Amino acid sequence: MLLESLSAEGEQRCRQLLTETTARFRSRPAMAAVLVPLCLVRGVPALLFTLRSSRLAGRHKGDVSFPGGKCDPADQDVVHTALRETQEELGLAVPKDHVWGIMRPVYDQAKATVVPVLASVGQLDPKSLRPNPEEVEEVFVLPLAHLLKTQNQGYTHFCQRGHFSYTLPVFLHGPHRVWGLTAVITEFTLQLLAPDTYRPHLTSPWLPSG
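Residues numbered from 1 in each chain as written. Predicted model: local features only at pLDDT ≥ 70, side-chain atom pairs only at ≥ 80, totals over all residues. Heavy atoms only, no water.

- Labelled according to an unreviewed UniProt entry, the protein appears under the name Nucleoside diphosphate-linked moiety X motif 8 isoform X2, originating from Heterocephalus glaber.

Right under this line is the structure:
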């Protein structure tokens, strides 16, 4: 079933579902864009993650993330940002025609917009990547089957001023815990790829309304 997500029919279904958000957000201003790399590792469908370098400045150092970064004024659009940053961070060149589309953006805690771009990078050996040590401490993959197992899924309820505020998903039992906006984007991806299997945990104000 999961291999069907990467079939020509599965790709076409996902591209069609992402048509509206791609048209709406591709050229909109955003603070940052990330690439969500869908890959095959020894024939197993997986998502590629990075562990941000502890040398980086700011509160996100050492976090699990997808490759990506801030939009540059010279970037054509958010797709260009995601592809450029992926090549800079991992040495991985992803052709534009491998991009399936743009998923709905998310907000960070400062209300800045982060745009996820889904792309298929095909067969991949993570050990063949050459991550930039100034930006990336580690590269790892999590099979879709692992992410879809309920025992590897969790969630965290957050309260503000003593009242329930929002819920974020967490993905467990891999090399590193996937949490925060990366977990939210992972959830969007699983909903798109396996809508009959994945049950979302997200209840969050960090989503744009339109």
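From this point, the discussion proceeds with the structure in view.
### Examining the overall build of the protein
Then, in step 1: Tallying secondary structure elements over the protein gives 6 helices and 10 strands in all.
Then, in step 2: Looking at the protein as a whole, 50% of its 210 residues qualify as buried.
Then, in step 3: Within the protein, contacts between residues at least 6 apart in sequence are counted, and of these 65% link residues at least 24 apart.
Then, in step 4: If you sum the accessible surface of the protein, you get close to 10,600 Å²; carbon and sulfur atoms cover 52% of it. (Helix = DSSP H or I, 4+ residues; strand = E, 2+ residues; numbered from the N terminus. Buried < 20%, exposed > 50% of the residue type's maximum accessible area, 1.4 Å probe, protein only. Contact = heavy atoms within 4.5 Å. Areas by Shrake-Rupley, 256 points an atom, 1.4 Å probe, with all protein chains shown as cover.)

### Description of the packing of aromatic side chains
Then, in step 1: The full count for this structure, using the stated rule, is 3 aromatic pairs.
Then, in step 2: When the centroid spacing of 4.8 Å and the interplanar angle of 25 degrees are considered together, the rings of Phe49 and Phe66 count as stacked. Taken together, the residues Phe49 in strand S2 (residues 44-52) and Phe66 in the loop between strand S3 (64-65) and strand S4 (68-70) connect sequence positions 17 residues apart. (Phe/Tyr/Trp six-rings, centres within 6.5 Å; stacked < 30°, edge-to-face > 60°.)

### As for the nonpolar core
Then, in step 1: Membership of the largest hydrophobic core comes to 36 residues, with the highest contact counts inside it found for Phe49, Leu118 and Leu144.
Then, in step 2: Of all the secondary-structure elements, those providing two or more residues to this core are strand S1 (32-41), S2, strand S7 (113-123), strand S8 (136-143), helix H5 (144-148), strand S10 (163-171) and helix H6 (180-193).
Then, in step 3: With 8 residues, H6 is the largest single contributor of residues to this core.
Then, in step 4: Judged by nonpolar contacts, the second largest core, of 25 residues, contains Cys39, Leu83, Val99 and Val136. (Core = buried A, V, L, I, M, F, W, Y, C linked by side-chain atoms within 4.5 Å.)

### A word on the pattern of salt bridges
Then, in step 1: One pass over the full model with this rule turns up 6 salt bridges.
Then, in step 2: For the salt bridge of Arg15 with Glu11, the shortest nitrogen-to-oxygen distance reads 2.8 Å. Placement of both Arg15 and Glu11 in helix H2 (residues 8-17) is noted, with a separation of 4 residues, approximately one turn of the helix.
Then, in step 3: Judged by its relative accessible area of 24%, Glu11 falls in the partly exposed class. (Salt bridge = Lys/Arg side-chain N within 4 Å of Asp/Glu carboxyl O.)

### Focus on the side chain of Thr182
Then, in step 1: Within the secondary structure, Thr182 is located in helix H6.
Then, in step 2: Looking at Thr182, its side chain comes within polar contact range of the main-chain oxygen of Val64, at 3.1 Å.
Then, in step 3: Excluding residues within four positions of it along the chain, Thr182 makes contact with Phe49, Val64, Ser65 and Phe66. (Polar contact = N/O pair within 3.5 Å; in protein donor to acceptor, adjacent residues only side chain to side chain.)

### Describing the environment of Pro105
Then, in step 1: If you trace the backbone, Pro105 turns up in the loop between strand S5 (99-102) and strand S6 (106-107).
Then, in step 2: Take Pro105: its relative accessible area is 1%, and that puts it in the buried class.
Then, in step 3: Placed 73 residues apart in sequence, Pro105 and Ala32 show a C-alpha to C-alpha distance of 9.8 Å.

### What about the pairing of S2?
Then, in step 1: The element S2 is largely enclosed, with a buried count of 7 among its 9 residues.
Then, in step 2: Bridging between S1 and S2 involves 4 bridges; their strand directions are antiparallel. If you follow Leu40 over to S2, its bridge partner there is Pro45.
Then, in step 3: Of the strand pairs in this sheet, S2 and S8 are connected by 7 bridges, and their pairing is antiparallel. Within the sheet, the bridge partner assigned to Leu51 lies in S8 and is Glu138.
Then, in step 4: Relative to S3, S2 is paired through 2 bridges, and the arrangement is antiparallel. (Pairing = 2+ DSSP bridges.)

### Quick look at unusual backbone geometry
Then, in step 1: For Arg42, which is not glycine, the phi torsion reads 55 degrees and is therefore positive.
Then, in step 2: Counting through the fold element by element, Arg42 comes out in the loop between S1 and S2.
Then, in step 3: For Arg42, a relative accessible area of 78% translates into the label exposed.

### Brief notes about helix H4 (residues 78-90)
Then, in step 1: The end-to-end C-alpha distance of H4, which contains 13 residues, comes to 18 Å, matching closely the 18 Å that a straight helix rising 1.5 Å per residue would cover.
Then, in step 2: H4 sits mainly inside the fold: 10 of its 13 residues count as buried.
Then, in step 3: Listing the buried residues of H4 in full gives Val78, Val79, Thr81, Ala82, Leu83, Arg84, Glu85, Thr86, Glu89 and Leu90. (Expected span 1.5 Å × (residues − 1).)

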